[in-house]
Structures are given as C-alpha cells and as structure tokens.
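# Structural characterization, general
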Amino acid sequence: MTSSRAHPATLVEYERTSAGGRSEVESGALIAAAVAALAGLLGAVVIFGGNAVGLAGTVSVGGLSAQIAGLIGFPVFGWSYVRFTRHSASWRSRARVRRILDTLGLSLTGAAMAGLLISSVYAVFQLAFRELLLDPFAATLFVTLTVAASTFALFLLAAEITTTRLASLLGLFLAAGVFSSMLTAADPRWWQANFSALGMGGASSAYAFNLTILLAGLVMTTLADYLTLDLRSRQSAAGSDLRGVPLVRIIIIVVGVALIGVGLVPVDVSFVVHNTFATSAVVGFVALIVLVPLVLKDLPRSFIVTTTVFVLAIGGAVLLWYPIGYYNLTALELVAVLIVFAWFVLFVRNASVVAPAPDAAAPVSQAAPVAALSTAASAAHPLPGMGRGGRAAGWVAVGGLIGFVGFAIGRLGRR
C-alpha cells in the first residue's frame, strides 16, 4: 500500500511556486502604489495651486483623492485581475466575451468603490472638523497617501479575487455608494418617501446612487459564474446531485439583470419600469433564500437553520412596517437589504467550502502528477496578502451597516 503523504520534492516545488506568486503580487502592489502616489502628488500640486483647502467639497482633499483613486484604480484593478487570475478555473470556464465584460465590470466597481469610499470618509471627517482648512503641504500629503493606500488595496484585491472576496467587494461597494448618496442627497428629506428617491433628479448624488445599483448588478452576474464553479466543485466532491446548481445560477443572474434595470431606469423616469425591475430583484432574492436549502442538499445544517432565522427576520421586519406601523417604508427597505445581503454573504461563504470526498481517506499514490497537486493546493491556499485584511474589511463593513441601520431606524422613528 502506498503512503498517503505527498512526495517531499512535490511539496517543495509547490512552496517555491507559491512564494514566487506572493512575491510578484506584493511587488506589483508596491509599484502600483508608488505610481499612484506620484500621480496624487502632481495632481494636488497642480489643482490646489498653493491654496488651503477643506477635507470635502468640489476642490478638496477628499474630492481630489477620490477622483485620482478612481481614475488610477480602474486600469490597476483590471491589469491585476487579468494578470493573476487568467490561469484559474473560473477564468477558463467563461467565454471570451464574458471575460471582457466581467473584467470591465469588476474594474469599474473596484475603482468606483475606492472613489465613493474615500469621498464618504472625508465627508464624515469634514462634518467632524467643521470649517477646517488644510495648508497646501498637509493637503498634498493627505492626497498622496490616500491614493497610494487605495491603489495598493485594489491591486491586492484584484490579484487574489475569490468568490467570498467578490461578495465582500459587492457588499462594501453597495455600502460606500449608498452612504455617499445619502450624505450628498439634494433632498435632505429623501427618507420620507422611499429608498429609490436617492436616484431621482439630476444631482450628482442621484447619478452616484444609480451607478452603484447598476454596477452591483454587473458584479452579481459575475458572481454567479464564480459561485456556480464553487458549487459544482463542492457537490462533485460530496457526490451530490448537481441539477440544482444551474437553477441557482439563473436566479442570481436574474437578480443581477434586475438591479441593472433599477440603476438604468430611475423611478422619476418610469415608475412602472423601475418598480418592475425592483420587484423582480426582490422576488429573485426571496426565491433564492427559499430554494437554496431545497435544491442544494449538502449545505451545512447550521446554514439551513440560519436561513430559517433570516426568513423569520424578514417577516418580522415587514410586520413592523405593516400593520404595526413602527417605521416607514425607507426603514423597512434598509433593514431588508441588510438582512438579504448578510444572508447572501453567508451563503457564498458556505458554498465556497469544498466538502470532503467520500473516499478522502483512500491512500494517494506517490506517482500522482505534480500538476494535480499544485492545482489542488492552489485552490486550498489562494495567494495571501489580503486574507486577513479582506476579512477584517468585511467585518468592518458589516458592523458599519448594522450600526448605520440602527441609527437610521432611530432617526426615522414612527410614521
């Protein structure tokens, strides 16, 4: 009987390959950050012209940082994504047109997330430090460091994209875009109508909100491919029925297309069309929550129980709106979005964990091909660098959303 341990030489070769990949990613991220820092420095010197500026506004530290970070972040994210994922199974499983569309969509999302997040953070700081003006040196330094840090993070995120990180990117992008639209909304009483009121009118905040929803829909369609691959790998390893996977993929794509429609057609352009797309997205999410436990039998029991709790939470949130009347429609939408996306992230995380094969205890021959071991090891140990940072960012985003929803409910109060 052969030993179940892999040959030492094979493991040494894999470790060398993995170390080389990590080194290339880290070096590339540092180079991209250095180029971005130089662009931020030159941009601040030219735009500020030696004048003192504020933290947020048209000509400000936050405004200029967001613009430069977005402009540089788009090509940096796209190049890093193509360079380090083109040999992965998720890349090879898609047609060329889908690869191009996915690359453009993810690059736009990453760049827009960086810009929106930066502008939102500086807008909050401006509220905390009212009437503060930074001298030219301090303002230039802040722009340089902000652009460099955001570019470094985007490069690492794109190079090490996985299904769970893609879901985290989607959640963080939605939080940044919606929060930025709330802070800069032309109508301060938008929340008295409904969530879609943020996309009404010709103000920049409305364009930001609609673009956020549109790009979120594009990311959902890309996420459907990544998630399908994970589900097939998981269920093949567990020997489960794969017939439910295409249905889950179709529902996620339908939700993504519906979100794209919501962003393309604001409520003030066409009430009927906008509500049709919005209703389709809601129905799609509900169908996903209900059908996933039924068609994917190998998911953990704890996730099934959690799904039941989430369904009850949604029902309770609806009852608090009608007939109890505890809060208005906007508060209901905020709570529902938080619950649905929290469940979706949990679903992605559970689906991305490959189940052990029934014959996992069977001995493995030492003559197994090196390529097979390298492929398996690469799937089990993706390139690090943003692992802990990505998880930390995800928890910060979730905590921020929970805190914000609690704050919003308290402010909205009873109707």
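All residue numbers refer to position in the chain's written sequence, counted from 1. For a predicted model such as this one, the threshold for reporting local features is a pLDDT of at least 70, and the threshold for listing and counting side-chain atom pairs is 80 or more; totals across whole chains, interfaces and linings nevertheless cover every residue. Heavy atoms from the whole structure form the basis of all side-chain values; hydrogens and water molecules are not counted.

## A few points about a nonpolar patch on the surface
Where we set the bar: Any residue with relative accessible area above 30% and no salt bridge may belong to a patch, with like charges joined within 9 Å and the nonpolar Val, Leu, Ile, Met, Phe, Trp and Tyr side chains within 5 Å. Using a 1.4 Å probe, the Shrake-Rupley method yields the accessible areas, and only the shown protein chains count as cover for residues. The salt bridge definition used is simple: a Lys or Arg side-chain nitrogen within 4 Å of an Asp or Glu carboxyl oxygen. Note on conventions: DSSP H or I runs of at least 4 residues are helices, E runs of at least 2 residues are strands, and numbering of each starts at the N terminus.
Taken together, the side chains of Leu38, Leu41, Leu42, Val45, Val46, Ile47 and Val59 make up a nonpolar region of the molecular surface, amounting to roughly 660 Å² of accessible area. Following the sequence through the fold, Ile47 ends up in helix 1 (residues 8-48).

## Topic: the pattern of salt bridges
What counts is decided by this rule: A 1.4 Å probe rolled over the protein chains alone gives each residue an accessible area, and that area as a share of the maximum for its type sets the label: buried under 20%, exposed over 50%, partly exposed in between.
Scanning all chains against the criterion turns up six salt bridges. In this structure, Asp102 and Arg94 form a salt bridge, with 2.6 Å as the shortest nitrogen-oxygen distance. In this structure, Asp102 and Arg94 share a single accessibility class: buried. A salt bridge links Asp225 to Arg98; the nearest nitrogen and oxygen atoms lie 2.8 Å apart. Placement of Asp225 in helix 7 (residues 204-238) and of Arg98 in helix 4 (residues 96-128) is noted, with a sequence separation of 127 residues between them. Taking the relative accessible area as the measure of exposure, Arg98 reaches 23% and is therefore partly exposed.

## Points about the packing of aromatic side chains
Note the threshold: We call Phe, Tyr and Trp rings a pair once their centres come within 6.5 Å, taking the six-membered ring for Trp, and we label the pair stacked below 30 degrees between planes, edge-to-face above 60, and tilted otherwise. Two limits define a charge over a ring: the Lys NZ or Arg CZ must be within 6 Å of the ring centre, and within 35 degrees of the ring normal.
Counted by the stated rule, this structure contains 15 aromatic pairs. Measuring from centroid to centroid gives 6.3 Å for Trp79 and Phe84, while their planes differ by 85°, and the two rings are edge-to-face. The class of Trp79 is exposed, set by a relative accessible area of 51%. Relative to Phe344, the ring of Phe285 lies with its centre 6.3 Å away and its plane at 85°, an arrangement referred to as edge-to-face. In this pair, Phe285 is assigned in helix 9 (residues 271-295) and Phe344 in helix 11 (residues 329-351), connecting sequence segments 59 residues apart. What makes Phe285 buried here is its relative accessible area of 8%. Phe344 gets classed as buried once you look at its relative accessible area, which sits at 1%. The rings of Phe285, Phe303, Phe341, Trp343, Phe344 and Phe347 are connected pair by pair, giving a single aromatic cluster. The cationic tip of Arg83 hangs over the ring face of Phe84; the distance from NZ or CZ to the ring centre is 5.2 Å.

## Description of the layout of surface pockets
The gaps of empty space that remain are located by a probe, the size of a water molecule, rolled over the atoms. The test is simple: Cavities and pockets are defined on a 1 Å grid built over the protein atoms alone: a cavity is a set of grid points where a 1.4 Å probe fits but cannot escape, while a pocket is an open set with protein on both sides within 12 Å along at least five of seven lines, and lining residues are those with an atom within 4 Å of any such point. Grid points are joined across faces, edges and corners, and a volume is the space filled by probe spheres set on the points.
Approximately 560 Å³ is the volume attributed to the second largest pocket. Along the wall of the second largest pocket there are 28 residues; nearest its centre are Ala66, Gly115, Leu116, Ser119 and Ser180. Counting residues per element, the ones that place at least two in the lining of the second largest pocket are helix 2 (61-85), helix 4, helix 6 (163-183) and helix 7. At nine residues, the largest contribution of residues to the lining of the second largest pocket is made by helix 4.

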